[in-house]
Amino acid sequence: MNTIEVKNLKKYFGKTKAVDDISFEVRRGEIFGFLGPNGAGKTTTIRCLLGFIQPTEGSIKILDHDLTQKNFFIKEKVGYLSGDVRLYDGWTGEDHIKFLESLRRGQKSISQKLVSDLNFNPKIKFKSLSSGNKQKLGLILALSFQPELIIMDEPTVGLDPLLQNTIYEILEEFKKQGTTIFMSSHNLAEVDRLCNRVGIIKDGKLMTIEGIQELKDKRMHVVKVYLNGPFNQQDFVFDSIEIQKELPGGLELGVRGDINPLIQKLGSYNVRELEITHASLEEIFLEFYGASTNYLENKNQNKSDLLEIPKME
Amino acid sequence: MFAIFSRAIKDRRIIILIYCLAGVAFLWMYIALFPAFKDQSASMEQLLKNYPESFLKAFNVDIKSFTTLEGYLATEQFSFMWPLLAIFMTVGFAAASFAGEIESGTIEILLAQPLSRARLFIGRYLAGLAMFIVFVFFSIFAALPISAIYHINFKAENFVMVAILAFLFGLAIYSIAMFLSALFSDKGKVFFITGGLLVVMYVLNILSALKENLADLKYLSFFYYFNPNKALIYKEIDSWSYVVFLGLAFIFTILGLIIFRKRDITT
């Protein structure tokens, strides 16, 4: 069962192809991450899913109903959260909640529970809220009516880790109850923690759809290691490791996939300092898909070829 | 739709109050000054006779402008100050309704709800209209108790007539502004285009009165069809005023609705 079915979606703004013939499905009850660099077409796709903009071509089905035919029905079952929540400055959180309750008369609201879970003060005007509290209010409004589908556009961008974690816990709770979540994100850790599958979009084209484990296998780390005493550079040459830079008394290594072989190797040395950083998701995009053609073309290739880890430059 | 309507009214209740108070305050000021003008009416009439007729016509000055309360208010209040307040009020509300919401991004929360764009448009349209009716009522009919306070005679039915004309005038401007608000994503454009259009109309009306060969231009101006002198002094409204104001209000409301339903909204 699919919650979202997008077929041959195109959205052009004049000559600009914001979304260029993408098709994908989001299964019921899964968290689907929609990833891509800035300007890739993520937000345009989300706006098409919400009916804010009309597709140039293609069809969108949500909860088995055509979006253009059953917009009202679909919106009753969808919650939306933007990364940049913009609400009415002069209204309090309570005003916003009551207003949505009056628009969705007859739908059960769990806003009070969410207000309590998120420790949100609904008596403060929107313009006086911190960015984190604005996002909390956006989340409360999106989830209050227990939607069957939650659509989120970079929901935790700019939030502190504590609040991010609270949001993840709430979303995981909703997922357990069978809610489908479609979210765009730049945050690899977020995607890693929450998503079952991801779709990667670039220049308006869908490059690939993968399970999160497959994406994880393509993970890159940058490791800076400083060693006490002499070392042999050749010890650090593995299939998935590349020496990027020589450092005074150490090396900077690019590691693709499992980092454990490197850690084991380092165990035989006296390590003075070790720094491991994740490559950003965007770096992975650039690395894996920079020169690639689109997913539809790749689909005809051998699956193992598609998932094969290319050599680092 | 009622939620949209009632919330719009609630959000703008202070603004409605300010406009109504401003309308009543101007009315009070002019009515309070009327006895002094009336005392000077003979010399004012003499003075007016020295002006060319076209000039008086261009600026809505009638020979009864200083002898009757109705003529005086038609010239002083309803030819300039009242239309200005009505224009600011209707265009301000219309611009904020859609273009302003798109500009600020607040439209997203509305579009994400189970509410059709048609209902959103109609709810907002009716809210603005209701507020304008309240403004028309207070800013015109307040003249009756205020005149009574100053023991000035008035013809109540003439005020009903000018209220109808004023409503039609505001309705047409409001509908055009709502159409522009549905079309654009920037409320500045709504102000600029509506304001520009009205200034051009005002100038056309004056030019048409001053220059005989430009006389036909008056048909392009709302200020020709909005003739408070005729309504308030003679209790008359041209049938073309009904046709033009109601016709344009209908056309631009429908166009606004169609465009708002179909357009892409990106914040």
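Undergrad: Explain the overall build of chain B to me, and be specific about the residues and the numbers.
TA: Each helix and strand in chain B was counted, giving 14 helices and zero strands. Computed over its C-alpha atoms, the radius of gyration of chain B comes to 20 Å, within 12% of the 18 Å expected for a compact globule of 267 residues. With the C-alpha coordinates aligned to their principal axes, the bounding extent of chain B is approximately 65 × 45 × 30 Å. Evaluated residue by residue, chain B yields a buried proportion of 52% over its 267 residues. Put simply, 78% of the contacts in chain B that link residues at least 6 apart link residues at least 24 apart. Only carbon and sulfur atoms are counted for the fraction: they give 69% of the accessible area of chain B, which is about 12,000 Å². Within chain B, one finds 21 positive and 17 negative side-chain charges whose respective centroids are separated by 8 Å.

Undergrad: Could you give an account of the domain arrangement of chain A, with specific residues and numbers?
TA: Partitioning chain A into domains gives domain 1 (2–216) and domain 2 (220–278). Measuring from the centre of the C-alpha atoms in domain 1 of chain A to the corresponding centre in domain 2 of chain A gives 39 Å.

Undergrad: Can you lay out the interface of chain B and chain A for me, pointing to particular residues and giving the numbers?
TA: Residue-level contacts link 25 residues of chain B with 25 residues of chain A. Between chain B and chain A, a total of about 2,300 Å² is buried, with carbon and sulfur atoms accounting for 57% of that surface. The largest contributions to the chain B side of the interface with chain A come from R7(B), E108(B) and P114(B), which together make up 26% of the buried area. At the junction of chain B with chain A, the criterion picks out two salt bridges. Salt-bridge contacts for D264(B) lead to K11(A); the nearest nitrogen and oxygen are separated by 2.5 Å. Counting the contacts that link chain B with chain A gives ten residue pairs in polar contact (both at pLDDT 80 or more). Of all the elements in the fold, those that place two or more residues in the side of chain B that touches chain A are α1 (2–11), α6 (99–104), α7 (107–111), α8 (117–141) and α14 (239–262) of chain B. Residue classes in the side of chain B that touches chain A are distributed as nine nonpolar, six polar and ten charged.

Undergrad: Provide a residue-level description of the side chain of S111(A), including the pertinent values.
TA: Residues and elements named next belong to chain A. Within the fold, S111 resides in helix α4 (residues 111–117). A polar atom in the side chain of S111 sits 3.0 Å from the side chain of E101. Not counting residues up to four positions away in its chain, the partners in contact with S111 are I97, E101, I140 and S144.

Undergrad: Hey, could you go over the sheet that holds strand β7 (residues 149–153) of chain A for me, with residue numbers and the actual values?
TA: Residues and elements named next belong to chain A. Read across the open sheet, the six strands follow the order β6-β7-β8-β3-β9-β10; overall the sheet is mixed. At either end of the open sheet lies a strand with only one pairing partner, and these are β6 (78–82) and β10 (205–211). Sheet twist, expressed as the mean angle between neighbouring strand axes with direction ignored, is 15°. Pairing geometry for β6 and β7, over five bridges, is parallel. Looking at β7, one finds that S82 is bridged to D153. Sheet strands in contact with helix α1 (residues 42–49) are β3 (31–35), β6, β7, β8 (180–185) and β9 (197–202), and its direction is about 150° off that of β7. Sheet strands touched by helix α5 (residues 131–143): β6 and β7. Its angle to β6, the strand with the most contacts, is close to 165°.

Undergrad: Run through the sheet that holds strand β2 (residues 16–27) of chain A, naming residues and quoting values.
TA: Residue and element names in this part refer to chain A. A sheet is described by the order of its strands in space; here four strands give the open sequence β2-β1-β4-β5, paired in antiparallel fashion. A strand with exactly one partner marks an edge of an open sheet, and here the two such strands are β2 and β5 (65–66). Note: strand β1 (residues 2–13) against strand β4 (residues 57–62), five bridges, orientation antiparallel. Residue V6 lies in a different strand from β4, and its bridge partner there is I60. Set on the sheet, α1 makes contact with β1, β2 and β4; between it and β1 the angle comes to about 115°.

Undergrad: Explain helix α2 (residues 13–39) of chain B residue by residue, including any values.
TA: Residues and elements named next belong to chain B. Compared with an ideal rise of 1.5 Å per residue, which puts 27 residues at 39 Å, α2 spans 40 Å between its outermost C-alpha atoms and is within 8% of the ideal. A bend of about 35° at L33 is the largest found in α2, and the proline P35 appears one to four places after it. Listing the buried residues of α2 in full gives I16, Y19, C20, G23, V24, L27, Y30, I31 and F34. Looking at the buried positions of α2, the neighbouring elements they touch are α1, α5 (69–97), α8 and α9 (143–149).

Undergrad: Which residues make up the packing of aromatic side chains, and what are the values?
TA: Here the distance between the centres and the angle between the planes together describe a pair of aromatic rings. All names here are of chain A. In the structure shown here, the tally under the stated rule is 37 aromatic pairs over all chains. When the centroid spacing of 5.7 Å and the interplanar angle of 5° are considered together, the rings of F32 and F182 count as stacked. Separated by 150 residues along the polypeptide, F32 in strand β3 and F182 in strand β8 bring together distant segments of the chain. The same class applies to F32 as to F182, namely buried. Its guanidinium or amino end placed over the ring of F126, K134 lies 5.0 Å from that ring's centre, counting from NZ or CZ.

Rules of the game
Residues numbered from 1 in each chain as written. Chains lettered and ligands numbered in written order. Predicted model: local features only at pLDDT ≥ 70, side-chain atom pairs only at ≥ 80, totals over all residues. Heavy atoms only, no water. Helix = DSSP H or I, 4+ residues; strand = E, 2+ residues; numbered from the N terminus. Rg over C-alpha atoms; globule rule 2.2 N^0.38 Å. Buried < 20%, exposed > 50% of the residue type's maximum accessible area, 1.4 Å probe, protein only. Contact = heavy atoms within 4.5 Å. Areas by Shrake-Rupley, 256 points an atom, 1.4 Å probe, with all protein chains shown as cover. Lys, Arg positive; Asp, Glu negative; His and termini not counted. Charge placed at Lys NZ, Arg CZ, Asp CG, Glu CD. Domains from an automatic or database assignment. Buried area = accessible area lost by both parts, 1.4 Å probe. Salt bridge = Lys/Arg side-chain N within 4 Å of Asp/Glu carboxyl O. Polar contact = N/O pair within 3.5 Å; in protein donor to acceptor, adjacent residues only side chain to side chain. Nonpolar A, V, L, I, M, F, W, Y, C, P; charged D, E, K, R; others polar. Pairing = 2+ DSSP bridges. Axes fitted to C-alpha atoms, helices over the stretch in contact; angles between N-to-C directions. Expected span 1.5 Å × (residues − 1). Bend = angle between axes of the 7 residues up to and from the residue. Phe/Tyr/Trp six-rings, centres within 6.5 Å; stacked < 30°, edge-to-face > 60°. Lys NZ or Arg CZ within 6 Å of the ring centre and 35° of its normal.

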